[in-house]
Structure formats: C-alpha cells, structure tokens
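Topology and contacts: notes
Each chain is listed here by its residues.
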Amino acid sequence: GKQVAHTSLNQTKCIENGRFYRNPDRSEDILWTKNECAKYYLCVEGEVFEFKCSEGRLFDVNRQLCDKYQNVHNCDVTKEIVLPQPLLEHAMCANETHLGCADGRCLPAEYFCDGSFDCDDLSDEAWCDVTNDPNSAEPCDPNMCLLPDCFCTNTGKEIPGNLVPNQTPQMITLTFNGAVNHENWDIYNKHLFTSDRKNPNGCPIKATFFVSHPYTNYRHVQKLWNDGHEIAVHSITHRGPEEWWARNATVEDWFDEMVGQANIINRFGKVWMEDFRGLRVPYLSVGWNRQFVMMQEFGFVYDATIVAPPSDPPYWPYTHDYKMPHECTEKYQYCPTRSYAGLWQMVINPLLDGKNNSYATPEHCDFTLTGDDIYGILLNNFKRHYLKNRAPFGIHLSGTWLRNSHYLAALKRFIIELLRLPDVYFVTYKEVIEWMKRPTPVLQLKKFQPWQCKDRRFRENEIACSKPRTCKLPSKVLEHDKYMITCVDCPKSYPWIRNEFGFD
C-alpha cells in the first residue's frame, strides 16, 4: 500500500542514511496529524522520494514501517535513533569499577544495561544482549544453587532431586491466555474441566489462566478461582505493537500493566493478592531486564513467557539466579541478562510437528491442520517428555483456537487418553513449582500436601455470584462506553491503566 511520488529537491531535505525519515522541516502544529504522520521519505543518491502509508495507517520511524494508529507513538521523531556502542573497558577509566560510554565518559559499571539511560549519548543501554551486558548472570553452579530456593542444571534438562524418570510424575500444564468470557466459558466449564476428569490422586485436573482485561467477565474468573484453577496476569491493555513490550516498555509501564491487572482482578473478581504468582507477556514478547526488575520488586514468583529452542529431551523450568541454560532466539524475545534470585522461569518448550517445524503454541501451527493432525502432534510431543526426562509438558492456548470444534475435540480426546496413565497429572504452574521445590516420587504423591484438593475457606463475598452485574461504563481513554461483568458494585468508569479501580 505504498505510493511513490518524486518530489523536487527544494521541498524536502535529503537526510543521507538510506533509511526512511520524516520531513525535518514540518511545522510543530501538524506533527501529530494523521496526514503528516503517514508521510515518509527516502533519499537515494541525492534524490528524495516521498511515500505515504495506506489509509488507516501511520509511519513508525523507529520500526521503519506503516502500522495501525494505535501502535504508532513517535510522530514527533524525524529519523530513527541508532545508538552508539559503549566503550566499556576499552575506555581506560581511572576507577576500575567504572566503564566507558561511547563518548569516553566513565560511569559505575552497574549503570550499564540497567534499563535507564545514564550516558549522555544513551550508549549505556544500547548494546545489552546476553553477550554484551557487563553485569550478566554467571553460568549455573549446581553446588551453590540449591532447592527449594534455586534450581539450575548444566544442560537445563536434568530432573530436580536427581530422580529417575519413572519416579517422576509427568506434569501437564494447560494454560489459557486472554479474556475469560461467554465465548470460551462453556469450553472451560462443559468441555474441558468436567467433574469426572480427575488426576491419579483423585483431585480434579487444573489449569492456569493468564487473564487480560478487555472483554473479561470477572464473575467467570472468580468462579474459575473458586474451583481451584490458578489465576495469573496477562496485562491490562494487551496493547500492540508486539515489540513495544520487549523494546519500549519502561519499568513503570510493566508495573502499570501487570500489577495493575492483579489489582483489577482482585477488586472485581475477588482473587486474593497473594494468589497472583505469575505472568505471561502478550505476544510472548519478553521484556528484558525491566520486566524482571518489576517482577522482583512486586513479588511475582514466576514468568511463563520465554520460549526455549526445540530440544530433545525438553527443558525443565529453572530459576533466574544463574544464566539461562538455552539461547533466546524467538522473535520479540529480549530475555533477561542479569541474575534475579529465586524468580522461576516456566519455560515454553515448542511443539515439533515431525516435519522439522516447531511452534511455540498450537496457535502458531499451520492452520490447515485437521483435528487428527493436532491430536497426533499433542501425543507425539507428550511422548518426547514422558519417555525422556519428564519435563513438564505445556499446552498453551487461547479461546479463539479452542473455538475450532475439531481442535477442541482433539484436545478432549488427548486429555481423556492421558488420564488413564497412573503417573500423569494436570496441574497449575504454582503446583509445578511446589513439586520442584520438594521433588516427590510418584508413589508418594497421594500424600503430597500441595497437590491435595482440600476445600479452601472462602468468605461469602468471595464466592462467585449467580447473578452478576453488567456495568456500562464511560472511558476517557477509550472514548466510548465499555461493558464489564462483575459480582461487586459497578465502578464509576471503565477500569484502565493508572485507573484500575475506575474511580475517575
């Protein structure tokens, strides 16, 4: 959708860099207009070409592409910013605890790659991947990293507690991302989690729900929590573009999105604050060290966003005390480089389809697959876990994928098939971590306390109501009324970022 037009040189200056840029002489009062923000230029051998994004799109100069209005936030930026590489130890700083910016200025080493800009030329945050972070985590030291607080192994594939595979339960983690509402409620309630589906210890099978805010029915979330499923956080806005989470979100943004969503679910779905242990980032866009700084400060226990490379045998979860046991290669995954003591990574092992393709989740699979194909893929990947090192097998889904009746039938068939096995348990991430902290052989699991189905004591107002309120709420930010369903009183306005309780 690009139209090319020649313009004579006197109209727009040539900025020599072979990259797209905006007209540097545009006046300030039109910077943010849709018309101006959709225009961009390219200079080739002194000649300037003008382009314009197609209708409904603006030009994002940092990403060098046209995108939807709501994803472009830099109409005021003229050309992309390319940050210089810091000198670090090549700067010959007088103080040996200091490192050099690109311009030679020396600053304390811990200022580099900490997520905030300290060098005048911004170079301290410019080159911060695993190989370049001067403060990166050390490789695993199994003699120092001891359960229950720390877990790492040299390959990332060894079983905790040195158990042998056939003493190790095969844990299966069903996880669901996104809104919980009428579109997926019957799938959860009537198809997947029926009262007859029980683990070998006689307790109902459980899943982990990563809930985002728009379109969520908080009465349904409350009911899932009452029924013993784990409720976790998937952000308030689920905003785009994908790489915003990885590249641009500040530590404050992470707090607003993730802790904010915990506040919303706690307020409108009654889930106890201490029950929020983990989060998954939208689009699986891991947010580098900034995300993990927020998690540690708030007290989150685990992240469930990082995708490991395909591997046989697969990876076990680990803590971020030491360097990650695998590369971080997925698109938009900027993995943490520092050490975050005691923070667990519920790593995603991709599914293999037998044709040399791998997929982070079934949704990324080829959409021409039939229900039988999906069943086959689930079963073959299950075997790669069950017959090898019994690393937890994750199936990560969204409501939209489950609305395909063939896929839903395949998943049900898979669950029913596996519940025949005496050592397979469908558990939440919280329960995986409890087991890993105290690895317990299969034969003793009937007595393993954290996996028992003891009735939790809920106060009257914590039990999901049968007749929830449908609130029609104004929203300043979203510019039109939004609906929200909850068992508690309706707020004044639609809860949103920095207004979680809908007060203003």
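Thresholds applied
Residues numbered from 1 in each chain as written. Predicted model: local features only at pLDDT ≥ 70, side-chain atom pairs only at ≥ 80, totals over all residues. Heavy atoms only, no water. Helix = DSSP H or I, 4+ residues; strand = E, 2+ residues; numbered from the N terminus. Rg over C-alpha atoms; globule rule 2.2 N^0.38 Å. Buried < 20%, exposed > 50% of the residue type's maximum accessible area, 1.4 Å probe, protein only. Contact = heavy atoms within 4.5 Å. Areas by Shrake-Rupley, 256 points an atom, 1.4 Å probe, with all protein chains shown as cover. Lys, Arg positive; Asp, Glu negative; His and termini not counted. Charge placed at Lys NZ, Arg CZ, Asp CG, Glu CD. Core = buried A, V, L, I, M, F, W, Y, C linked by side-chain atoms within 4.5 Å. Domains from an automatic or database assignment. Salt bridge = Lys/Arg side-chain N within 4 Å of Asp/Glu carboxyl O. Phe/Tyr/Trp six-rings, centres within 6.5 Å; stacked < 30°, edge-to-face > 60°. Lys NZ or Arg CZ within 6 Å of the ring centre and 35° of its normal. Pairing = 2+ DSSP bridges. Right-handed = clockwise from strand over helix to strand, strands pointing away. Expected span 1.5 Å × (residues − 1). Bend = angle between axes of the 7 residues up to and from the residue.

Going by what an unreviewed UniProt entry lists, the protein chain is known as Chitin-binding type-2 domain-containing protein and is assigned to Papilio xuthus.

Along its length, the protein chain carries 10 helices and 20 strands. For a compact globule of 504 residues, the expected C-alpha radius of gyration is about 23 Å, and the protein chain comes in at 25 Å, within 12% of that figure. Structurally, the protein chain occupies a C-alpha span of about 80 × 60 × 45 Å along its principal axes. When burial is assessed residue by residue, the protein chain has 53% of its 504 residues classed as buried. The contacts of the protein chain with a sequence gap of at least 6 include a subset with a gap of at least 24, amounting to 63%. Of the roughly 23700 Å² of accessible surface on the protein chain, 50% is carried by carbon and sulfur atoms. Taking the 55 positively charged and 65 negatively charged side chains of the protein chain as two groups, their mean positions are separated by 10 Å.

This paragraph deals with the nonpolar core. Ranked by internal contacts, the top residues of the largest apolar core, which has 82 residues, are Phe 176, Phe 209 and Ile 231. Two domains each put at least three residues into this core: domain 3 (171–370 + 392–405 + 423–451) and domain 4 (465–503). Excluding residues within four positions of it along the chain, Ile 231 makes contact with Phe 209, Val 211, Val 221, Leu 224, Trp 225, Ile 265, Val 271, Asp 275 and Phe 276. Membership of the second largest hydrophobic core comes to 22 residues, among which are Phe 210, Trp 316, Met 346 and Phe 448.

We now examine the pattern of salt bridges. A full pass over the atoms with the stated rule returns 21 salt bridges. As a salt-bridge pair, Arg 456 and Asp 275 come within 2.8 Å of each other at their nearest N and O atoms. On the criterion of sequence distance, the pair formed by Arg 456 in the loop between α10 (429–437) and β19 (469–473) and Asp 275 in the loop between α5 (251–269) and β11 (278–279) is long-range, its members being 181 residues apart. Accessibility expressed as a relative area gives 11% for Asp 275, which makes it buried. Close ionic contact of Arg 438 with Glu 434 constitutes a salt bridge, the shortest N to O distance being 3.4 Å. Taking the relative accessible area as the measure of exposure, Arg 438 reaches 43% and is therefore partly exposed. Through salt bridges with shared partners, one network takes in Asp 60, Arg 63, Asp 67 and Glu 243.

A few words on the packing of aromatic side chains. Counted by the stated rule, this structure contains 30 aromatic pairs. When the ring of Tyr 40 is compared with that of Phe 59, the centres are 3.9 Å apart and the planes differ by 5°; the resulting orientation is stacked. Taken together, the residues Tyr 40 in strand β2 (residues 39–44) and Phe 59 in strand β4 (residues 57–60) connect sequence positions 19 residues apart. Summarising the burial analysis for this pair, Tyr 40 and Phe 59 share the class buried. Aromatic ring contacts, followed pair by pair, group Phe 20, Tyr 40, Phe 51 and Phe 59 into a single cluster. Geometry around Phe 268 places Arg 267 over its ring, the cationic atom sitting 6.0 Å from the centre.

By the criterion of burial, strand β9 (residues 207–211) is predominantly enclosed, with 5 of the 5 residues buried. Alternating residues of β9 divide into Ala 207, Phe 209 and Val 211 and Thr 208 and Phe 210, and every residue in both groups is buried. As judged from the 5 bridges shared by strand β8 (residues 170–178) and β9, these two strands associate in the parallel manner. Its bridge partner being in β9, Gly 178 is matched across the sheet by Val 211. Where the polypeptide runs from β8 across helix α2 (residues 182–192) and back to β9, its parallel neighbour, the crossover connection is right-handed.

On to α5. Between its terminal C-alpha atoms α5 stretches 26 Å, which fits the 27 Å expected from 19 residues at 1.5 Å a residue. At Gly 260, α5 is deflected by roughly 25°, the largest bend along its length. Within two residues after α5, Lys 270 carries a phi angle of roughly 70°, on the positive side.

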